[in-house]
Amino acid sequence: MKRLVSLMLLFCMLACVPTPESDAVRQKDTNVLIDTVLTEESERGDAAPAPVKALFPERFQCDFTTEARHVHVTADAPIRVHTSGGFPLLRVEHRTLTDAERLTIYRRLFGKDELYIFSQRQRTREDVAQYIQQCLDAIEYLSNNKAEWMRETDSTEDEWKELLASHKKRVEELKQEYSALPEDSVPQPNAPWDGSLPEPNPDIRSWNHYEIVGDAYEQDSIWRYDNASAEEQIKDDNISFYAAIPADEFGRGSTGFSLTAPGARRLDRSEYDLNLNGAKLTAREAAALVQSMVADVAPQYEIADIYWSNNAFSDGDTAGQYSREGYFVLLTQRFADAQTVFCSALMGSFAEDKFWPYDCITASVDSEGRLMSLNWSGALKVTGTVSETTTLLPFDEIFDVVTRQMNYNWGDERHDHGTVVIDDVQLGLMRIREKNQMENGLLVPVWFFTGVFTYSDAQRDARIKEGHFPAEAARDVRDSSRPLLIVNAIDGSVIDPQNGY
């Protein structure tokens, strides 16, 4: 049977492999891949292939040290196979939602039939008069309580003078604004939105977008309202919705959950029907809520993973603080028996100003059952089936590719004596680009590895001296946004998710 893996791979030593002279990531000729699949399908004839799960071990286990930089690589993780039968090879193309589809989903998310394009309300004389009074009150307090203010704020007299002067200057500016406004000025309502996207911005340094709200007079700070975006298709954010932030929670947490939040963990499927940590709904019920929002527009999207997470800030003085916790739901498309893996990398080219993220829906549902956020990007549609069932490389050959590529990926001197722990191994469908194409691709079965690289103590200390934060200097987390390794399960080629091949 024809195989596209080079003969060199067949003779690689599993525990000690020389560094490859070049990376295996390069633009492949997908026509060759298609020819191989069709030839193998013909050779197989009418024989029913064994289910994929029967072809591979239940766990991915390894323990070896690379020859290149003496990096210790270990793994003992379940192999998560995303099919009950086999994997097809499918032709796909980039899909843009219609105005009607976009409007349908946003109506459900807002729970309203009429939606509007947000516009900041023009201030009236009444508004400006209130701001003037606030400044006058501040001036009065500072003038009458100089010593108390300096003591409570640990400020100098010069700082007191500077603040007092700034308030007086602001009063004069507001008085000028007040005089310039018409006496009978009234707020103009937000314009109705029909589901359409804004016109593309000819300036490639930015793109146009609408902010969508649920009321004609929601015109204050956008975070105070349920809000959404409708963007021109440069970044391909099909749906982007965030619930309002209660005033008492502002600054205490971000607008949604993530799989990298402090304390976040991926739930085992046995936990999907439990009310975790006192939540008012289960993980499966949270996923059902998300699916109901996209329903007929995206009926084939099923659970890829669910995390127990929170809305903690990732950096700054408030890093790690959160106001809500709950479920972070990841949905991907299923095609017959096979499902795509979740990958949050951004595939595209800033030089070409074109992007096509990997198709997924993510959503945050808090423990009270409130939908906090929902995002859908990278939509695709199937345009043809090349083969209903593909023949996959034997596990030993995949293992050889992993071993060989670990030497290449961690072959720089700064990786000396580091460690790699592979913590998750998936076998599922993933999109690759067809040659010289940005809008068309193939769904192929891939091995998808995530994990963590930990620097040696010496390398960590050197990185701290270079200016890296301690946590960043010590570890390089390779999650779904920057996987450790992706290997085409048909031909053993290595896939770079940012390039799309």
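Along each chain, numbering runs from 1 in the same order as the chain's sequence is written. Local features in this predicted model are restricted to residues whose pLDDT is 70 or higher, and side-chain atom pairs enter the listing and the counts only when it is 80 or higher, whereas totals over whole chains, interfaces and linings include all residues. Excluding hydrogens and water, the side-chain values take into account all heavy atoms of the structure.

Concerning the overall build of the chain
Item 1. Starting at the N terminus, helices and strands are each numbered in turn, a helix being any DSSP run of H or I of at least four residues and a strand any DSSP run of E of at least two. For the chain, the count of helices and strands is 10 helices and 21 strands.
Item 2. Oriented by its inertia axes, the alpha-carbon framework of the chain measures out at about 90 × 55 × 50 Å.
Item 3. With a 1.4 Å probe rolled over the protein chains alone, any residue whose accessible area is under 20% of its type maximum counts as buried; one over 50% counts as exposed, and the rest are partly exposed. Here the chain, with 501 residues, has 48% of them falling under the buried criterion.
Item 4. Long-range contacts, defined here as pairs at least 24 residues apart, represent 74% of the contacts in the chain between residues at least 6 apart.
Item 5. Of the roughly 24800 Å² that the chain leaves accessible, carbon and sulfur atoms contribute 48%.
Item 6. Residues scored as positive are Lys and Arg, those scored as negative are Asp and Glu, and His as well as the terminal groups of each chain are ignored. Lys charges are placed at NZ, Arg charges at CZ, Asp charges at CG and Glu charges at CD. Here the chain contributes 50 positive and 82 negative side-chain charges, whose respective centroids are spaced 1 Å apart. The criterion used for residue contact is that any of the two residues' heavy atoms lie within 4.5 Å. Computed with a 1.4 Å probe, the accessible areas rest on the Shrake-Rupley method; for each residue, only the protein chains presented here act as cover.

Re the side chain of Ser387
Item 1. One can find Ser387 in strand S17 (residues 380-387).
Item 2. Looking at Ser387, the relative accessible area reads 1%, which means it is buried.
Item 3. Among the polar contacts listed, one links the side chain of Ser387 to the backbone oxygen of Thr389, at a separation of 3.0 Å.
Item 4. For Ser387, the contacting residues outside a window of four places in its chain are Val37, Glu41, Pro88 and Leu89. Think of a polar contact as two N or O atoms within 3.5 Å of one another; within protein, one of them needs to be a possible hydrogen donor and the other a possible acceptor, and neighboring residues in sequence only count if both atoms come from side chains.

Some thoughts on the side chain of Ser367
Item 1. If you trace the backbone, Ser367 turns up in the loop between strand S15 (360-366) and strand S16 (371-377).
Item 2. Setting aside chain neighbours within four positions, we find Ser367 in contact with Ala279, Lys280, Leu281, Trp308, Glu325 and Gly326.

What about the environment of Arg404?
Item 1. Locating Arg404 in the fold gives a position in helix H8 (residues 395-409).
Item 2. For Arg404, a relative accessible area of 18% translates into the label buried.

Re unusual backbone geometry
Item 1. The backbone of Asp154 shows a phi angle near 55°, a positive value even though the residue is not glycine.
Item 2. Residue classification places Asp154 among the exposed residues on the basis of a relative accessible area of 70%.
Item 3. The residue Ala336 is not glycine, and still its phi comes out positive at about 55°.
Item 4. Assignment of secondary structure puts Ala336 in the loop between strand S11 (325-335) and strand S12 (338-339).

Some details on the environment of Thr104
Item 1. Mapped onto the secondary structure, Thr104 falls in helix H3 (residues 99-110).
Item 2. Overall, the relative accessible area of 28% leaves Thr104 in the partly exposed class.
Item 3. Each C-alpha atom of the pair Thr104 and Asp296 lies 9.6 Å from the other, and the pair is 192 residues apart in sequence.

A look at the pattern of salt bridges
Item 1. Whenever Lys or Arg places a side-chain nitrogen within 4 Å of a carboxyl oxygen from Asp or Glu, that contact is recorded as a salt bridge. Within the structure shown, the criterion is met by 23 salt bridges.
Item 2. The partner of Asp366 in a salt bridge is Arg324, with the nearest N and O atoms 2.5 Å apart. Placement of Asp366 in strand S15 and of Arg324 in the loop between strand S10 (301-310) and S11 is noted, with a sequence separation of 42 residues between them.
Item 3. Overall, Asp366 belongs to the buried group, its relative accessible area being 1%.
Item 4. When its relative accessible area of 18% is taken as the criterion, Arg324 is described as buried.
Item 5. Among the salt bridges present, the one from Arg460 reaches Asp457, with a minimum N-O distance of 3.4 Å. With Arg460 and Asp457 both in helix H9 (residues 457-465) and 3 residues apart, this pair spans about one turn of that helix.

A few points about the packing of helix H5 (residues 146-153) against helix H6 (residues 157-180)
Item 1. A fitted line through C-alpha atoms represents every axis, and for helices the fit uses only the stretch in contact; the resulting angles, taken between N-to-C directions, go from 0 to 180 degrees. Packing of H5 against H6 leaves a shortest axis separation of 10 Å and a crossing angle of 110°. In terms of axis orientation, H5 runs roughly perpendicular to H6. H5 and H6 meet at a crossing whose hand is right-handed. Counting all contacts with H5, which are made through Lys146, Trp149 and Met150, the residues of H6 involved are Glu157, Glu159, Trp160 and Leu163.
Item 2. Of the residues that constitute the contact of H5 with H6, the class distribution is 4 nonpolar, no polar and 3 charged. Roughly parallel means an angle under 35 degrees; roughly antiparallel, over 145; roughly perpendicular, 65 to 115; everything else is oblique. Crossings are classed by handedness, with left-handed meaning an anticlockwise turn of the near helix from the far one by less than a right angle and right-handed meaning a clockwise turn. Classification convention: Asp, Glu, Lys, Arg as charged; Ala, Val, Leu, Ile, Met, Phe, Trp, Tyr, Cys, Pro as nonpolar; all other residues, Gly among them, as polar.

A short note on the nonpolar core
Item 1. Phe60, Val420, Ile422, Leu427, Trp447 and Phe449 are the most contacted members of the largest nonpolar core, which totals 62 residues.
Item 2. Counting residues per element, this core draws most heavily on strand S19 (residues 440-454), at 8 residues.
Item 3. If near-sequence neighbours (up to four positions away) are discounted, Phe449 is found in contact with Phe60, Val402, Ile422, Asp424, Val425, Pro483, Leu484, Leu485 and Val487.
Item 4. The term nonpolar core refers to a set of buried residues drawn from Ala, Val, Leu, Ile, Met, Phe, Trp, Tyr and Cys, joined through side-chain atoms within 4.5 Å. Within the second largest apolar cluster, 40 residues are counted, among which are Leu97, Leu109, Phe241 and Ala287.

Focus: the packing of helix H4 (residues 125-144) against H5
Item 1. Where H4 contacts H5, the axes come no closer than 5 Å and their chain directions differ by 95°. Relative to H5, the element H4 lies roughly perpendicular. Contact residues: Tyr141, Leu142 and Asn144 in H4; Lys146, Glu148, Trp149 and Glu152 in H5.
Item 2. For the contact of H4 with H5, the per-class residue count stands at 3 nonpolar, 1 polar and 3 charged.

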